[in-house]
Amino acid sequence: MITRRSTAASRNLAEQLQPLVRVHESIRVRTKVSLDVPRGRTRVRAGRPAFDAADVLSTTGDLTKSFYRTAASFEHSGLATTPQLTALRERSLDPARLALAWCNGESLPRDTTMRLARSVAAVIGNAVLSHAATALADGFSFSSWKRPQCPCCGASPDLAVITDTRRSLVCWRCDSTWRTDLAGCIGCGADLAPDVVRIASPHLGYQVAICNACGRYIKERRGAPPQPLLVERMLTLGLDEAAQQRGLRA
Ligand SMILES: [Zn+2]
Ligand SMILES: [Zn+2]
């Protein structure tokens with residue numbers, strides 16, 4: 001019953017977000033970045049993240065076309081209204097600067113149009129970095145990587161995927177996935193109650209692992225995410241909001 005409900009919810013959202021998912025995938029596949037893959041892999045073997053995310057973003061060239069294409073897909077996916085899109089198009093915007101602000105985790109703008117602009121840039125930034133991370137990981141193993149930060153870009157994971165034999169982490173920024181030996185908190189390593197508490201959201205198919213010792217949280221699910229990560233993140237936005245309202249950080 002629980003599984004059926006969660007599947008239906010994520011399938012409905014996935015259908016609604018199809019225009020956005022298609023644009024994201026198209027940017028991810030077609031984007032061109034300048035990336036020294038052998039050098040990045042050497043860095044990973046030495047225990048350092050493969051690349052600097054801001055540097056990679058800066059090599060993609062003009063993002064203007066991708067920006068307005070992605071913005072239109074927000075409207076087609078029901079994430080933005082036509083008046084909101086009109087307001088966005090009337091603004092003078094710098095998509096590269098917006099993508100960099102997302103990449104650096106700068107706080108969200110208060111202005112609603114600029115907030116939408118940041119969300120659009122986030123989709124592009126993620127597509128570009130995911131492209132770079134895929135190029136780096138293709139045919140390469142992260143098995144030597146033991147840190148809880150992303151082996152590609154050095155950011156924190158926002159998702160953990162658990163199977164019977166392993167726990168993998170997913171980078172919030174570039175979607176890289178790597179195995180971890182940590183069973184609980186990725187911040188301080190605590191792994192037992194009462195330090196680590198898991199709150200289930202069965203209707204979403206997720207649980208939130210909260211660390212009372214250091215105040216970090218991470219969203220977890222059993223088994224591979226059924227939808228693209230973009231959709232999974234939107235589906236579970238409420239979990240982030242609830243955790244952050246409790247003063248926890250990702
Ligand atoms: Zn990453
Ligand atoms: Zn902790």
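Bear in mind that the values here come from a model prediction, so they are computed numbers and not experimental data.

Caption draft 1: Quick look at unusual backbone geometry. Residues A193 and P194 are joined by a peptide bond in cis, for which omega reads 10°. Among the secondary structure elements, P194 is positioned in the loop between β3 (177-180) and β4 (196-201). Look at D175: it is not a glycine, yet its phi comes out positive at around 70°. Among the secondary structure elements, D175 is positioned in the loop between β2 (167-171) and β3.

Caption draft 2: The arrangement of the domain arrangement of the protein in detail. Parsing the protein into structural domains produces domain 1 (2-137) and domain 2 (157-245). Each of domain 1 and domain 2 has a C-alpha centre, and these two points are 21 Å apart. If you look at the interface, domain 1 gives 20 residues, while domain 2 gives 15 residues. Contributions of two or more residues to the side of domain 1 that touches domain 2 are made by α1 (2-16), α2 (18-30) and α8 (112-137). Considering every element that reaches the side of domain 1 that touches domain 2, the biggest residue donor is α1, with 8 residues. For the side of domain 1 that touches domain 2, the class distribution of residues is 13 nonpolar, 6 polar and 1 charged.

Caption draft 3: Local environment of the environment of N212. Following the sequence through the fold, N212 ends up in the loop between β5 (206-211) and β6 (217-222). Sequence separation of N212 and A250 is 38 residues, and the distance between their C-alpha atoms is 13 Å. The residues contacting N212, other than those within four sequence positions of it, are P194, D195 and V197.

Caption draft 4: Structural view of the sheet that holds β6. Spatially, β3-β2-β1-β6-β5-β4 is the arrangement adopted by the 6 strands of the open sheet, whose pairing is mixed. Whereas interior strands pair on both sides, the edge strands pair on one side only; in this sheet they are β3 and β4. Ignoring strand direction, the axes of neighbouring strands in this sheet form an average angle of 30°. Of the pairings in the sheet, the one linking β4 to β5 comprises 6 bridges and is antiparallel in character. Pairing of S201 across the sheet is with Y206, part of β5. Across the sheet, helix α10 (residues 237-245) lies against β4, β5 and β6, angled at about 20° from β5, the strand it touches most.

Caption draft 5: Inspection of α2 at higher detail. If you check α2, its first and last C-alpha atoms are 18 Å apart, about what 13 residues at 1.5 Å a residue would give, namely 18 Å. Listed in full, the buried residues belonging to α2 are L20, V23, H24, I27 and R28. For α2, the angular spread of buried residues about the axis comes to 135°, placing them on one side. Along α2, the residues that are exposed and aim more than 90 degrees away from the buried face are V29 and R30. For α2, the elements touching its buried residues are α5 (64-76), α8 and α9 (229-235).

Parameters at a glance
- Residues numbered from 1 in each chain as written.
- Chains lettered and ligands numbered in written order.
- Predicted model: local features only at pLDDT ≥ 70, side-chain atom pairs only at ≥ 80, totals over all residues.
- Helix = DSSP H or I, 4+ residues; strand = E, 2+ residues; numbered from the N terminus.
- Domains from an automatic or database assignment.
- Contact = placed C-beta atoms within 7 Å.
- Nonpolar A, V, L, I, M, F, W, Y, C, P; charged D, E, K, R; others polar.
- Pairing = 2+ DSSP bridges.
- Axes fitted to C-alpha atoms, helices over the stretch in contact; angles between N-to-C directions.
- Expected span 1.5 Å × (residues − 1).
- Buried ≥ 20, exposed ≤ 12 C-beta atoms within 10 Å, placed from the backbone.
- Arc of directions from axis to C-beta.

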